[in-house]
Amino acid sequence: MEELNLQFDESNYGGPLDPLILDVSDLDLDYGEMDHFIQEAFSDFKSEVYAKMVAMIEDYLNNNMVEDILLAILIHQESDEDLDVWIELSEWPTCLRESLEYYEDVENYEECIRVKALQDLYNTKHPNLD
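Because the structure is a prediction, the values reported are computed rather than measured. (Residues numbered from 1 in each chain as written. Predicted model: local features only at pLDDT ≥ 70, side-chain atom pairs only at ≥ 80, totals over all residues. Heavy atoms only, no water.)

Trainee: Tell me about the overall build of the protein, residues and numbers included.
Mentor: A count of helices and strands for the protein gives 4 helices and 4 strands. A buried classification covers 39% of the 130 residues belonging to the protein. In the protein, of all internal contacts separated by at least 6 residues, the share reaching a separation of at least 24 is 55%. Accessible area of the protein: about 7,900 Å², with a carbon and sulfur share of 44%. (Helix = DSSP H or I, 4+ residues; strand = E, 2+ residues; numbered from the N terminus. Buried < 20%, exposed > 50% of the residue type's maximum accessible area, 1.4 Å probe, protein only. Contact = heavy atoms within 4.5 Å. Areas by Shrake-Rupley, 256 points an atom, 1.4 Å probe, with all protein chains shown as cover.)

Okay, structure coming up:
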């Protein structure tokens, strides 16, 4: 599996709020097991996925944006299919919790503090959505 962000031609692409673009052509595309497929696609890029997810949620919270986030575009060249992976607003608390668990596991305590602050900010701004 290959990360395509570095190969993307657009000079303005690749910023912290642009979705990850991953080539997942080496995986078997199974529409019946889409959650498993996405987990498998992200398994080689955990640090990038969590960093992107946290950065995007942080930006959306700081700018009072309450919309779904396009986290990644998975490209499956064999089937000529692209799969957009979105984070719905209602999923932000789960994503932050999973990010916190990841950063605890890798002992990145600076990111733990950042994620905890985002959880608090989310709960302050969206107390009824958790």
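Trainee: Outline the layout of surface pockets, supporting the account with residue identities and numerical values.
Mentor: Put simply, the largest pocket is a space of about 540 Å³. Around the largest pocket, the lining is made up of 18 residues, and of these Ile38, Gln39, Phe42, Cys95 and Glu98 lie nearest the centre. Elements with a contribution of two residues or more to the lining of the largest pocket: helix H1 (34-43), helix H2 (46-62), strand S4 (81-87) and helix H3 (92-105). Considering every element that reaches the lining of the largest pocket, the biggest residue donor is H1, with 5 residues. (1 Å grid on protein atoms, 1.4 Å probe; cavity = no way out; pocket = protein on both sides within 12 Å on 5 of 7 lines; lining within 4 Å. Points joined across faces, edges and corners; volume = space filled by probe spheres on them.)

Trainee: Just give me the short version of the packing of aromatic side chains, but keep the residues and values in it.
Mentor: The full count for this structure, using the stated rule, is 4 aromatic pairs. Where tryptophan 92 meets tyrosine 122, the ring centres are 6.3 Å apart and the plane angle is 55°; that geometry is what we call tilted. With a gap of 30 residues between them, tryptophan 92 in helix H3 and tyrosine 122 in helix H4 (residues 109-125) connect regions that are remote in the sequence. Where tyrosine 102 meets tyrosine 103, the ring centres are 5.2 Å apart and the plane angle is 70°; that geometry is what we call edge-to-face. With relative accessibility at 16%, the residue tyrosine 102 sits in the buried group. Under the relative-accessibility criterion, tyrosine 103 is labelled buried at 6%. Connected via pairs of aromatic rings, a cluster forms that spans Tyr50, Tyr102 and Tyr103. (Phe/Tyr/Trp six-rings, centres within 6.5 Å; stacked < 30°, edge-to-face > 60°.)

Trainee: So what's going on with the side chain of serine 25? Residues and values would help.
Mentor: One can find serine 25 in the loop between strand S2 (20-23) and H1. Serine 25 gets classed as buried once you look at its relative accessible area, which sits at 16%. Polar contacts involving the side chain of serine 25 include one to the side chain of aspartate 23, which spans 2.6 Å. If near-sequence neighbours (up to four positions away) are discounted, serine 25 is found in contact with Ile75, His76, Gln77 and Glu78. (Polar contact = N/O pair within 3.5 Å; in protein donor to acceptor, adjacent residues only side chain to side chain.)

Trainee: Pulling in residues and values, what's your account of the environment of asparagine 62?
Mentor: Its place among the elements puts asparagine 62 in helix H2. Linking asparagine 62 and leucine 118, residues 56 residues apart in sequence, is a C-alpha distance of 9.4 Å. Setting aside anything within four residues of it in sequence, one finds asparagine 62 in contact with Leu121 and Lys125.

Trainee: Describe in detail a negative patch on the surface, supporting the description with residues and values.
Mentor: A cluster of acidic side chains, namely Asp26, Asp28, Asp30, Glu33, Asp35, Glu40, Asp44 and Glu78, defines a negative patch on the protein surface. Note on placement: aspartate 28 falls in the loop between S2 and H1. Using a relative accessible area of 69% as the deciding quantity, one classes aspartate 28 as exposed. (Patch = residues over 30% accessible without salt bridge, like charges linked within 9 Å, V, L, I, M, F, W, Y side chains within 5 Å. Salt bridge = Lys/Arg side-chain N within 4 Å of Asp/Glu carboxyl O. Lys, Arg positive; Asp, Glu negative; His and termini not counted. Charge placed at Lys NZ, Arg CZ, Asp CG, Glu CD.)

Taken by themselves, the reported measurements are silent on function.
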